[in-house]
Amino acid sequence: MVVLLTARAFCTLPRVLALQNQESGIRNGHWDTISLLCVEIELEKMSVVVANKKLKREIPPPQPPPWSDLNLDILICIMGRLCYVDQIHFRVVCKNWRLVSGVKPIDKLPWVLTLNFNCKHDYYPITLHDPSSCITYELGHEIDRSSLPGFGKLQVCGAGKNGWLLVAEISPNIGFDSNIYLYNPFNDWAAINLPHLTSSRIKATFGGTSDLTSKDCLFLAVHDVGEDQEGMRISTCRHGDRKWTKQFTDRRSREIVIGVFHVKGIFFCVFKSGILGSFNPNTKIWSLLITSENMDLVELQNLAAFEASVVESDGEVFLVYWKRGYKPWHIYRLDWLQMKWVKQVSLGKRVLFLGDISLLYSADGEIKDLADRIYYQGFRKSYFYPIKSGIGKLRSNALIRQSCIHYEARSDHMLRVWIEPPTLYREAA
């Protein structure tokens, strides 16, 4: 029988032998076979116990799985609690984390895109300001001055989801020929050219699918007609088309278009007087849903001298009139069932961002104190107005505007646009 002896076993051996010698009555150092067998058995038992204890000490504790192997649902939950910039950092940790995509960032406030026309360079620099971190990012792409000859101007004529803007570069030297393209400032290579339009006032949007290069995505523009710049025309196109398709023309129209949007497959157009029209791309039919004959529009028609903006968020539509330095803020909500504008005295638990692109946010969580406010980009900086009973807090017949701590100061000759950060998608292999 093989016996595994350890240091502890050798130390215990003399004691075991003495006990065995006493019990067997053997004298003069003589051992019988039975006694030797007992000693071997005892030593074997001791060695097995010691070996087991040593084996237990050598087994490492169980290790948790690596972070790169986290369940996809857990990764999506974590990424959904991060802002846009942190989502970018999240996806570069490892290959598996980069596969997580299509998760909307948790940014609580819109960003601001700034185009500085007052610079002395041969181009117009573009910046993006993140209000959550108060960091302004200088983008590596810019607009060349030579692309805007004469008294040309840059016009943001619409916005879409995931950070896309519809931009028109209008050149009056060649009959108001407008170069229209989609631009995403969050992506260096994201720009999609659309056919040219001969127009100086353009409002546009798109709908049908989130893939802008798909033939299922339809772009719609509402613009003025011909060289006299009067009347209204609806034109559509798809990615890759060489020209816009004329869908509807009303040369007698003198209405000013303040916004277009897309809801459930239908395009809607809002005029400054409150008239609401719709265009069904399937039937090619243009319809007026709210007309000037509606007596509810009398008050809206009296606001012709005011600035106006329309904002749509998840099917909820607001029409807002304001005048700089004066107290009234006239806010109307579209009642889809009665198909009319209903005056609002409060935004409730929401905050409104007005500008060339207007956005409506839910004021919850970290920004709950911003509820029932209107943010507006003033002449030199951004301001907000607290709403109270629909017209704000009054002082000498004027609103008390307050400086906005979330956005940096501005200077003259700057184009500033509210913009929502996009949802990150996995790049194609």
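Our subject is the structure that appears above.
A brief look at the structure comes next. (Residues numbered from 1 in each chain as written. Predicted model: local features only at pLDDT ≥ 70, side-chain atom pairs only at ≥ 80, totals over all residues. Heavy atoms only, no water.)

1. A word on the overall build of the protein
The condition that has to hold: The helix and strand labels rest on DSSP assignments: H or I over at least four residues marks a helix, E over at least two residues marks a strand, and numbering proceeds from the N terminus. Accessible area is worked out with a 1.4 Å probe on protein chains only. A residue is then buried under 20% of its type maximum, exposed over 50%, and partly exposed in between. Here a residue-residue contact requires only that any non-hydrogen atoms of the pair lie within 4.5 Å. Accessibility throughout is a Shrake-Rupley quantity obtained with a 1.4 Å probe, and a residue counts as covered only by protein chains that appear here.
Assigned secondary structure in the protein consists of six helices and 30 strands. Here the protein holds 429 residues, and 43% of them are scored as buried. Pairs at least 24 apart in sequence give 46% of the contacts found in the protein among residues at least 6 apart. Of the roughly 24,300 Å² of accessible surface on the protein, 54% is carried by carbon and sulfur atoms.

2. Quick look at the environment of Lys246
Looking at where Lys246 falls in the secondary structure, it is placed in strand E14 (residues 245-250). What makes Lys246 exposed here is its relative accessible area of 58%. Remark: the alpha-carbon pair of Lys246 and Thr236, spanning ten residues in sequence, is separated by 6.7 Å. Excluding anything up to four places from it in sequence, Lys246 contacts Arg233, Ile234 and Ser235.

3. Quick look at the packing of aromatic side chains
Condition: Side-chain rings of Phe, Tyr and Trp (the six-membered ring for Trp) are treated as a pair once their centres are within 6.5 Å; stacked means planes under 30 degrees apart, edge-to-face means over 60, and tilted covers the remaining angles.
Enumeration according to the criterion identifies 14 aromatic pairs in this entry. Measuring from centroid to centroid gives 6.0 Å for Trp111 and Tyr137, while their planes differ by 10°, and the two rings are stacked. One end of the pair, Trp111, is in strand E1 (residues 111-116); the other, Tyr137, is in strand E4 (residues 135-138), with 26 residues separating them in the sequence. Given a relative accessible area of 29%, Tyr137 falls into the partly exposed group. Each member of the aromatic cluster is reached from another via a ring pair, and the members are Tyr84, Trp111, Tyr137 and Phe186.

4. Concerning the sheet that holds strand E21 (residues 329-335)
We apply this condition: Two strands pair under a simple rule: DSSP has to find at least two bridges between them. Here the axes come from fitting lines to C-alpha atoms, over the contacting stretch only for helices, and the angles between their N-to-C directions go from 0 to 180 degrees.
Taken in spatial order, the four strands line up as E19-E20-E21-E22 in an open sheet, and their pairing is antiparallel. Unpaired on one side and paired on the other, strand E19 (307-313) and strand E22 (340-344) mark the two borders of the sheet. Neighbour to neighbour, the strand axes of the sheet diverge by 25° on average, direction disregarded. Across seven bridges, the pairing between E19 and strand E20 (residues 316-322) is antiparallel.

5. A few points about the sheet that holds strand E13 (residues 230-237)
Ordered in space as E11-E12-E13-E14, the four strands form an open sheet in which the pairing is antiparallel. Here the strands that pair on one side only, and so sit at the sheet edges, are strand E11 (202-207) and E14. Averaged over all neighbouring strand pairs, the angle between strand axes comes to 20°, with direction disregarded. Note that E13 and E14 share five bridges and pair antiparallel.

6. Some words on unusual backbone geometry
Look at Met339: it is not a glycine, yet its phi comes out positive at around 50°. Position of Met339 among the secondary structure elements: in the loop between E21 and E22. With a phi close to 60°, Asp372 is a non-glycine residue in the positive phi region.

7. So, the pattern of salt bridges
Any two side chains of opposite charge can pair, given that their charged atoms come close. We count it as follows: One speaks of a salt bridge when a side-chain nitrogen belonging to Lys or Arg is within 4 Å of a carboxyl oxygen belonging to Asp or Glu.
Inspection of the entire model under this criterion finds four salt bridges. Between Lys108 and Asp364 there is a salt bridge; the shortest N-O distance is 3.8 Å. Of this pair, Lys108 sits in the loop between helix H5 (95-98) and E1 while Asp364 sits in the loop between strand E24 (359-362) and strand E25 (373-377), and the two are 256 residues apart along the sequence. You can call Asp364 partly exposed: its relative accessible area is 40%.

8. Quick look at the environment of Arg201
Tracing the sequence through the fold places Arg201 in the loop between strand E10 (197-198) and E11. Arg201 gets classed as exposed once you look at its relative accessible area, which sits at 51%. Residues Arg201 and Val222, 21 residues apart in the sequence, show an inter-C-alpha distance of 8.4 Å.

9. Overview of the pairing of strand E12 (residues 218-225)
Of all eight residues making up E12, eight are buried, and the element is well covered by its neighbours. Summarising the sheet, E11 and E12 pair through six bridges and their orientation is antiparallel. Pairing of Gly207 across the sheet is with Leu218, part of E12. Looking at chain direction, E12 and E13 are connected through six bridges and run antiparallel. By the bridge assignment, Val222 is partnered in E13 with Ile234.

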